[in-house]
Amino acid sequence: MPLNFGNDVDGSSRILLNEPRGSTALVLLFGGQVISWKNERREELLFMSTKAQYMPPKIIRGGIPVCFPQFGNFGGLERHGFARNRFWSLDDDPSPLPPANKQSSVDLILKSTEDDLKIWPHRYVADPHLFLCFSSSSSSMPFDILNSSASSLLGSYANFIISRRSFELRVRISISFGKLTLIPRVRNIDSKPFSFMFALRNYLHVSDISEVRVEGLETLDYLDNLKGKERFTEQADAITFDGEIDRVYLNTPTKIAVIDHERKRTIELRKEGMPNAVVWNPWDKKAKSIADMGDEDYMTMLCVDSGAIEPQVLLKPGEEWKGRQELSIVSSSYCSGQLDPRKVLYGDS
Ligand SMILES: O=P(O)(O)OC[C@H]1O[C@@H](O)[C@H](O)[C@@H](O)[C@@H]1O
């Protein structure tokens, strides 16, 4: 279902990417969010809620929202951070990335504002030898101590300096035949180190959630958001779905396969620099409690996200963190359901 943009959006707020064989992607400056990815047959590959609306600053339920500087409620900020409900800009200086093909790529940037200091203040230890960074966005009191072994060194909080966390968040979005690539980067333009979480929430469009399996996460540990973030080990050969799921998998491989049996299609997620994978489907009861989600939408969606959540990323002044995610449609032979997990985990094809 197309997203209703209303009348208040000018054309420049949306960027249409296309490649010679006919696949397209649509990107919004609001949230820096991909809201559509269609293959050459004009089939939509991303899920968009039947109740999604373009009403900034409300989030858009579907596509690929950017979660920054926090994922979920893993801290004290608004859920999934503020980047997804801000207006981004076109980035005319994406260096050190080489210039992109303007038809099939777009570079977006979100710069920190004074308001960010108010909602994402940063407490820093004055002693440069400790070189530690503390975040008041965490749920723990009064600071989230990233390096807990160091907490005993501190004794008191007297040496903290409060500073803003000046950042530049960039994303390059590119489309090529059968592939959608996102390259997120975060640069610390502050004089102090800071830490952050990052995730690309991939709302994948599936034919029928009960016919889908996810391969590549077997045997891994995960934090279960439905059980107070308790840590478990995945026991299943592949993840299949028959109820609500909300998990952050740890130390995940670079390649994960989402196999849609009914559609005889597999979406392969390849990622770098983002060790976590999140699997989320609200199922029927929770979906009914989400205002911008249709009661039956959960049946045709699955979020399989790339993230740097646990552990967080710690960036020193002047440093840049870079991730990469590729979503590709892979050949039907891959959709047999007989995928060799070792190939998913370690192989190239
Ligand atoms: O409605 P939002 O903010 O997009 O979040 C959707 C879901 O995202 C999950 O990652 C959270 O663990 C859930 O608690 C949340 O309901």
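As the structure is a prediction and not an experimental result, all values here were calculated from the model.

Quick notes on the rules
Residues numbered from 1 in each chain as written. Predicted model: local features only at pLDDT ≥ 70, side-chain atom pairs only at ≥ 80, totals over all residues. Helix = DSSP H or I, 4+ residues; strand = E, 2+ residues; numbered from the N terminus. Near = placed C-beta within 6 Å. Nonpolar A, V, L, I, M, F, W, Y, C, P; charged D, E, K, R; others polar. Buried ≥ 20, exposed ≤ 12 C-beta atoms within 10 Å, placed from the backbone. Contact = placed C-beta atoms within 7 Å. Pairing = 2+ DSSP bridges. Axes fitted to C-alpha atoms, helices over the stretch in contact; angles between N-to-C directions. pLDDT = per-residue confidence, 0-100. Core = buried A, V, L, I, M, F, W, Y, C linked by C-beta atoms within 7 Å.

Draft legend 1. The arrangement of unusual backbone geometry in detail. Omega for the peptide link from Phe68 to Pro69 comes to 0°, which places this bond in the cis form. Mapped onto the elements, Pro69 comes out in the loop between β4 (66-67) and β5 (89-90). Each neighbour pair has its own omega, and for Ser95 with Pro96 the value is 10°, a cis peptide bond. Mapped onto the fold, Pro96 is located in the loop between β5 and β6 (105-111).

Draft legend 2. Region of interest: the site of the ligand. Neighbouring the ligand are Ile59, Gly72, Arg79, His80, Asn225, Asp246 and Trp280. Grouping the constituent residues of the shell around the ligand by class yields 2 nonpolar, 3 polar and 2 charged.

Draft legend 3. The arrangement of the environment of Asn202 in detail. Among the structural elements, Asn202 can be located in the loop between β13 (194-200) and β14 (203-205). The class for Asn202 is buried, based on 28 C-beta atoms found within 10 Å. Considered as a pair, Asn202 and Pro184 are 18 residues apart in the sequence and their alpha carbons are 14 Å apart. Leaving out residues up to four positions away in the same chain, Asn202 has contacts with Ile64, Leu269, Cys303, Val304, Asp305 and Leu327.

Draft legend 4. Inspection of the sheet that holds strand β3 (residues 33-38) at higher detail. The 3 strands lie next to each other as β1-β2-β3, forming an open sheet whose pairing is antiparallel. Lying at the two open borders of the sheet, with one neighbouring strand each, are β1 (14-18) and β3. For this sheet, the mean angle separating the axes of adjacent strands, direction not counted, is 15°. Here β1 runs beside strand β2 (residues 24-28); their pairing, made up of 5 bridges, is antiparallel. Following the sheet pairing, Leu16 is matched in β2 by Leu26.

Draft legend 5. Molecular detail of the confidence of the model for the protein chain. Residue-level pLDDT values for the protein chain average 85, and 79% of them are 70 or greater. Ignoring residues within four places in sequence, the model shows residues 5-11, a span with pLDDT below 50, making 3 contacts including any to other chains. A low-confidence stretch, residues 125-158 stays under pLDDT 50, and its non-local contacts, those more than four residues away or across chains, total 49 contacts.

Draft legend 6. Representation of the environment of Thr266 in the model. You can see Thr266 is positioned in strand β20 (residues 265-272). Between the C-alpha atoms of Thr266 and Pro98, which are 168 residues apart in sequence, the distance is 31 Å.

Draft legend 7. Quick peek at the nonpolar core. In this structure, Leu46, Leu204, Val258 and Val304 are the most contacted members of the largest nonpolar core, which totals 77 residues. Leaving out residues up to four positions away in the same chain, Val258 has contacts with Leu204, Val212, Val214, Thr266, Ile267, Leu269, Leu302 and Val304.

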